[in-house]
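What follows is the residue order along each chain.
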Amino acid sequence: MSEKMEVKNLTKIFGRHPKSILKKINEGMTKDQVLNKTGHTVGLNNVSFEVKEGEIFVIMGLSGSGKSTLIRCLNLLNKPTAGQILFEGKDIVKFNKTELRKFRQNNIAMVFQHFGLFSHRTVIENVAYGLEVKDIPKEKRLKIANDTLETVGLLGWGEKMIHELSGGMQQRVGLARALANNPDILLMDEPFSALDPMIRRDMQLELLDIQAKLQKTIIFITHDVNEAFKIGDRVAVMKDGQIKQIGTPEEILENPVDEYIENFIQDIDRSKILQAKNIMFTPSPLLFSKDGLNVAMKEMKSHGISSIFVVDKERRLKGIITIDDTIKAIKEKKSVEDILKQDYFMTDPEMYVQELIPKAVETKYPIAVVDDTKKLLGIIVRASVLAGLV
Amino acid sequence: MNSFPNTLRIEIGKYVENFVKYLIRNYGSFFDAIKESILWFLMKVEFFLQWLPWWFVIAVVFIIGWRMKKLSSGIVYGVMLFLIGTFGLWQMMMSTLAVVLTSVIISLIIGIPMGIWMAYSEKIEMIMRPILDGMQTMPTFVYLIPASMLFGLGKVPGVFATTIYAVAPIIRLTNLAIRNVSKEMVEAAHSFGSSPMQVLIKVELPQALPTIMTGVNQTTMMAMSMVVVASMIGARGLGEQVLLSINRLDIAKGTEAGLAIVVIAIIIDRMTQSLADKFKILE
């Protein structure tokens, strides 16, 4: 994966003479000292990171940590005081007005916390706004807008006014408006914070679905650690205008760099973050369908297990056989196909452990982790699901 | 000892007088040109209003009142207008309305861009605020002096004085309306690469429209009240009738003219108000 956006030493200071404060920060003055002595607010202090193409990069922090300031710098709604923002190698901070407009029209789009929808326009006119600004002919932009509405599940709502929609639907419009422009980078500023918990969950899953389809580069802001770890490929934790740690959710969970982050991740519900692929075992004893019942018997005996998954030569899952059936079948001279059972559970590797709990409680057999082609990737035993909770 | 020393006299009035005189001496032809164009426009408006058949005007007001509010409002407005006709003041009313309409149109042409400019610039707002306060609190008669000096007597100085007095609310409310547009909405518009003009036309003005319409309502009402005063420098119409009846202590005439002004004011107010309501955006 190549780097889509690279932020280098970005600093943003609010106040009358921001440049004059730069030196003081470099000399090591803290945010509070600067505020008390000069009345300037340090929004961002020497922030650097890069975002890879196609990933969801989450910036997480409490309110006042500078995360909203940061995301607003990335499309220059805030002008950085110092530092570089490289998009495909070009420094957007140095863009003139025309270049900046072109950049915003074609390469980057934003979804806002309180939606920022135009209440005097219909849903479809909102979605088509970015295209309208680009002077795309009406017929064409309405068609694109309509297709985008379908992507976010709002087909048929185009002629409604914004106030006729619920909060969750309004944010779908916000998302559609950003997607309609087909940007390279999608900025999302706490997009789901204003929504009910239930709807928030749906929207998170839907965002992941849309992301799987469209493969956008997404920079996502949130204050909710569960949300950050659930949707983020990588997460940056911010505090006082600085990034404290960057890493994948697993990396941060396993090696929090300081106490602040440790506290942060304490109230995480691990079952919501760990996925099937994190807790599955490689299925070492496997029965290929060409093998006979005696091989099955031997494998189960030597591993001390009471059932075994059967796969074909492409490792596609055929079924499961138990030891009791095998013993009986050997006596009755039956084949593997005759005693194959299908009453086990399957899951895909992205499934969250939380959702596996009810299955784990019910099932007699291990849970099979398979991909789209039904290829067996691993198995999950009951104990590891429950261990995932701790 | 207690009285203010006479020697400390700053003759600001004198300076203003000199300035006005300077304007007349050096830019006389400029003001003549303005006078001519205002007069031309005013005449067109008045000609049109006088040309409209009386029953047609009443019918239109009735329908607007009915459609925008309710049937009873339409009937009340229609009957009240009819009464003005029975006072023998129909022509006067149209003549007054011509001055009001002209002043309001000029006010909007000047006031809305001014208000937008004020909303965009802190500096301009800082300068304009006290000037607007002054324009609204200054006794209205004071405007008559420079107006008649610059434009002589008649309808044009009437329009001029009325405009100065009536332009303040539309500037103020346009400023307020643009500033009150949700910051996130404006940010959203910018984030899609809109030009400043696109942000203004596609987002800010439509969002500001309901408040601007309230400004139109207030400006119209201010113009209506000023037009009476403006009759002192020769603007014809209902105001002139009031002035005449004061001079002659003619109670009957004064009552009729006064009532007519009240009626027009109410009808214009209600109609522009409900127009403003129509533009409300549901959030």
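Residues numbered from 1 in each chain as written. Chains lettered and ligands numbered in written order. Predicted model: local features only at pLDDT ≥ 70, side-chain atom pairs only at ≥ 80, totals over all residues.

## Quick word on the sheet that holds strand E6 (residues 108-111) of chain A
Through backbone hydrogen bonds, the strands of a sheet pair up, either in parallel or in antiparallel fashion.
All names here are of chain A.
Here is step 1 of the chain: Strand order in the open sheet formed by six strands is E6-E7-E8-E3-E9-E10, with mixed pairing between adjacent strands. Unpaired on one side and paired on the other, E6 and strand E10 (242-247) mark the two borders of the sheet. Going across the sheet, the axis of each strand differs from the next one's by a mean of 20 degrees, ignoring polarity.
Here is step 2 of the chain: Set on the sheet, helix H8 (residues 167-180) makes contact with E6 and strand E7 (185-189); between it and E6 the angle comes to about 175 degrees. (Pairing = 2+ DSSP bridges. Helix = DSSP H or I, 4+ residues; strand = E, 2+ residues; numbered from the N terminus. Axes fitted to C-alpha atoms, helices over the stretch in contact; angles between N-to-C directions. Contact = placed C-beta atoms within 7 Å.)

## A word on the interface of chain A and chain B
Here is step 1 of the chain: Taken residue by residue, the interface counts 20 residues in chain A and 17 residues in chain B.
Here is step 2 of the chain: With four residues, the single largest contributor to the side of chain A that touches chain B is helix H4 (residues 97-106) of chain A.
Here is step 3 of the chain: Of the residues belonging to the side of chain A that touches chain B, the class tally is eight nonpolar, nine polar and three charged. (Nonpolar A, V, L, I, M, F, W, Y, C, P; charged D, E, K, R; others polar.)

## Let's talk about the sheet that holds strand E14 (residues 346-347) of chain A
Residue and element names in this part refer to chain A.
Here is step 1 of the chain: Reading across the sheet, the three strands line up as E14-E15-E16 and stay open at both edges, with mixed pairing between neighbours. Edge positions in the open sheet fall to E14 and strand E16 (376-380), since each of these has one partner strand only.
Here is step 2 of the chain: Pairing of E14 with strand E15 (residues 367-370), which is carried by two bridges, proceeds in the parallel orientation. Each residue of the ladder has a partner; that of Thr347, found in E15, is Val369.

## Looking at the pairing of strand E12 (residues 307-311) of chain A
Residue and element names in this part refer to chain A.
Here is step 1 of the chain: Within E12, four of the five residues are buried, which leaves the element mostly enclosed by the surrounding structure.
Here is step 2 of the chain: Bridge count for strand E11 (residues 287-288) against E12 is two bridges, and the pairing is parallel. Counterpart to Leu287 in the pairing with E12 is Val310.
Here is step 3 of the chain: For E12 and strand E13 (residues 317-322), the ladder comprises five bridges, and the chain directions are antiparallel. For Val311, the partnering residue across the bridge sits in E13 and is Leu317.
Here is step 4 of the chain: What sits between E12 and E13 in their antiparallel hairpin is a turn of five residues, with Arg315 showing a positive phi close to 65 degrees. (Buried ≥ 20, exposed ≤ 12 C-beta atoms within 10 Å, placed from the backbone.)

## As for helix H9 (residues 197-214) of chain A
Residues and elements named next belong to chain A.
Here is step 1 of the chain: Taking 1.5 Å per residue as the helical rise, H9 with its 18 residues ought to reach 26 Å, and the 25 Å between its terminal C-alpha atoms agrees with that figure.
Here is step 2 of the chain: Listed in full, the buried residues belonging to H9 are Met203, Gln204 and Leu207. Axial view of H9: buried residues confined to an arc of 105 degrees, hence all on one face. Among the exposed residues of H9, those pointing more than 90 degrees away from its buried face are Met198, Asp209, Ala212 and Lys213.
Here is step 3 of the chain: Next to the buried residues of H9 lie H8 and helix H10 (225-231).
Here is step 4 of the chain: Gln215 sits one or two positions beyond H9 and adopts a positive phi of about 55 degrees. (Expected span 1.5 Å × (residues − 1). Arc of directions from axis to C-beta.)

## Looking at the environment of Val133 of chain A
Here is step 1 of the chain: Along the chain, Val133 of chain A turns up in helix H6 (residues 129-133).
Here is step 2 of the chain: Judged by the 21 C-beta atoms lying within 10 Å of it, Val133 of chain A is buried.
Here is step 3 of the chain: Separated by 95 residues in sequence, Val133 of chain A and Ala228 of chain A place their C-alpha atoms 33 Å apart.
Here is step 4 of the chain: Dropping the residues within four chain positions of it, Val133 of chain A is found in contact with Gln105 of chain A together with Phe192, Gly193, Ser194 and Gln198 of chain B.

## Things to note about the domain arrangement of chain A
Here is step 1 of the chain: The domain boundaries assigned to chain A delineate domain 1 (3-107 + 183-268) and domain 2 (277-387).
Here is step 2 of the chain: The gap between the C-alpha centroids of domain 1 of chain A and domain 2 of chain A is 44 Å. (Domains from an automatic or database assignment.)

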